[in-house]
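Okay, here's what each chain looks like letter by letter:
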Amino acid sequence: MSLPISRIPDPHEAPTLRWGILAPGGIAHTFAGAVRAHTRQQIVAVGSRSLMRADAFADEFDIERRHDSYESLVADETVDAIYVASPHSHHAEHALLAINAGKHVLVEKAFTQTAAQARQVVQAVRAANVTCMEAMWTRFLPHVDVVRRLLADGALGDIEVMTADHGQYFDPDPQFRLFNPELAGGAMLDLGVYPVSFASFVLGTPSRVSAVGTRAATGVDRQVSMILDGFAEHGNAHAVLNTTLAAKTPTTATISGSKGRIQIPGDFYAPQRVTFVPFGEHPLHSPEPEILGHKALAYESAHFAQLVSDGKRESPLLPLEESIAIVETMENALHQVP
């Protein structure tokens, strides 16, 4: 027995899109570096509320067009697609700005702050007939496609439990975005979205979300632990998830069923080797990843570019309705944190 081979293409193979970067912060730097290193995508413009910041980003990545407002960026006729890299608090506003300007839009995860906002964005996407996708980069990585194929083949049998965690330690600075409630800070939307999205990928949408948690001094969620169940296609399965801002956790994921187990080491959401342990047999391992760390954001940009080229308005690997459901699950959990 051998593991299935990933079907994810080399990101260099994707057709070229002309990108505009909205909000040149940390994740935008990571995205731009990955795109430049591993794709044929072209970043042609950047927009910020500060021309100084736009100029600095443009100088770093050799971008010609610099805009001192987001409105000016989305009106730029040289831009095909907008990458929304602003804080979670502004994802919906900035996605709608791009959509209403007729641009395709890749929205950094978490898709929006609330499920109501997510539904509003999706409604606008369908009315404008543009392509939109949540930038949950994990979903488009080669090792996740190996997991996808194992699940589709029924290699695990009946799934009983999956686990995933994402915790990082941050000094509790009230001005830091993850501790700032005005920027929709907290563990869930920035870190917890990874295990919640992975649970959705494996099991679908839960009908019940049970959560406990604590809050930081600023009021944002500090730690949340969740058990998800009531999955339509996996009636006995539980998803056991955790996220925290106060400790570097293993950031691993497992999926266990009646015929075997999948193990992904930390960080499970980044390029990794997958281990499949069939019941009573020797473990099998997927190949070492070819693109490492956050350089693998190249895969999501390439997938998005291919969608646009093919005239598709959403991704079959992460449909818009699923992005809405993921936000609903997180919102449900957060409502249970006192």
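Note that this is a predicted model, so its numbers are computed, not measured.

Asker: Talk me through the sheet that holds strand β14 (residues 284–285); I want residue IDs and the actual numbers.
Answerer: Read across the open sheet, the eight strands follow the order β8-β9-β10-β7-β11-β12-β13-β14; overall the sheet is mixed. Whereas interior strands pair on both sides, the edge strands pair on one side only; in this sheet they are β8 (208–215) and β14. Note that strand β9 (residues 221–229) and strand β10 (residues 238–244) share six bridges and pair antiparallel. Residue Met226 lies in a different strand from β10, and its bridge partner there is Leu241. Running at roughly 170° to strand β12 (residues 260–264), helix α6 (residues 142–152) makes contact with β7 (159–167), β11 (253–257), β12 and β13 (275–278) of the sheet. Along the sheet face, helix α7 (residues 187–203) touches β7, β9, β10, β11 and β12 and points at about 165° away from the line of β10.

Asker: Can you break down helix α4 (residues 91–100) residue by residue, with the values?
Answerer: Among the ten residues of α4, seven are classified as buried, and the element is accordingly described as predominantly covered. Among all positions in α4, only His91, Ala92, His94, Ala95, Leu96, Ala98 and Ile99 are buried. Packing partners of the buried residues in α4 comprise β1 (18–22), α3 (70–74), β4 (81–84), β5 (104–108) and α5 (115–128). At the C-terminal side of α4, Gly102 shows a positive phi close to 85°.

Asker: Before we move on, could you go through the packing of aromatic side chains and cite the residues and values that matter?
Answerer: For the coordinates displayed, the defined rule picks out eleven aromatic pairs. Here the aromatic cluster, defined as three or more aromatic residues joined through ring pairs, consists of Trp137, Tyr194, Phe198, Phe201, Phe268 and Tyr269.

Asker: Give a detailed account of the packing of helix α1 (residues 26–38) against helix α2 (residues 51–61), specifying residues and quantitative values.
Answerer: It is the contact of α1 with α2, at a shortest axis distance of 11 Å, that shows an interaxial angle of 20°. Taken as axis vectors, α1 and α2 run roughly parallel relative to one another. Viewed along their axes, α1 and α2 form a crossing whose handedness is right-handed. Residues Ala28, His29, Ala32, Gly33 and Arg36 of α1 form the contact with α2, whose own contacting residues are Phe57, Glu60 and Phe61. Classifying every residue of the contact of α1 with α2 gives four nonpolar, two polar and two charged.

Asker: If you had to explain the packing of α5 against helix α9 (residues 320–335) to someone new, which residues and values would you point to?
Answerer: Viewed as axis vectors pointing N to C, α5 and α9 meet at an angle of 170°, and their least axial separation amounts to 8 Å. One way to sum up the angle between α5 and α9 is to call them roughly antiparallel. Across the interface between the two elements, Ala115, Ala118, Arg119, Val122, Val125 and Arg126 of α5 pack against Leu320, Glu321, Ile324, Val327, Glu328 and Glu331 of α9. In terms of residue class, the contact of α5 with α9 is built from seven nonpolar, no polar and five charged.

Asker: Can you break down the pattern of salt bridges residue by residue, with the values?
Answerer: Overall, the coordinates contain 14 salt bridges when judged by the stated rule. The partner of Arg126 in a salt bridge is Glu314, with the nearest N and O atoms 3.4 Å apart. Of this pair, Arg126 sits in helix α5 while Glu314 sits in the loop between α8 (297–309) and α9, placing them 188 residues apart in sequence. Residue Asp145 is joined to Arg148 by a salt bridge in which the shortest nitrogen-to-oxygen separation is 2.8 Å. Within this pair, Asp145 and its partner Arg148 are both found in helix α6, separated by three residues, close to a single helical turn. A relative accessible area of 14% means that Arg148 is categorised as buried. Salt bridges linked by common partners bring Arg7, Asp145 and Arg148 together as one network.

What counts as what
- Residues numbered from 1 in each chain as written.
- Predicted model: local features only at pLDDT ≥ 70, side-chain atom pairs only at ≥ 80, totals over all residues.
- Heavy atoms only, no water.
- Pairing = 2+ DSSP bridges.
- Helix = DSSP H or I, 4+ residues; strand = E, 2+ residues; numbered from the N terminus.
- Contact = heavy atoms within 4.5 Å.
- Axes fitted to C-alpha atoms, helices over the stretch in contact; angles between N-to-C directions.
- Buried < 20%, exposed > 50% of the residue type's maximum accessible area, 1.4 Å probe, protein only.
- Phe/Tyr/Trp six-rings, centres within 6.5 Å; stacked < 30°, edge-to-face > 60°.
- Parallel < 35°, antiparallel > 145°, perpendicular 65-115°, else oblique.
- Left-handed = near helix turned anticlockwise from the far one by under 90°.
- Nonpolar A, V, L, I, M, F, W, Y, C, P; charged D, E, K, R; others polar.
- Salt bridge = Lys/Arg side-chain N within 4 Å of Asp/Glu carboxyl O.

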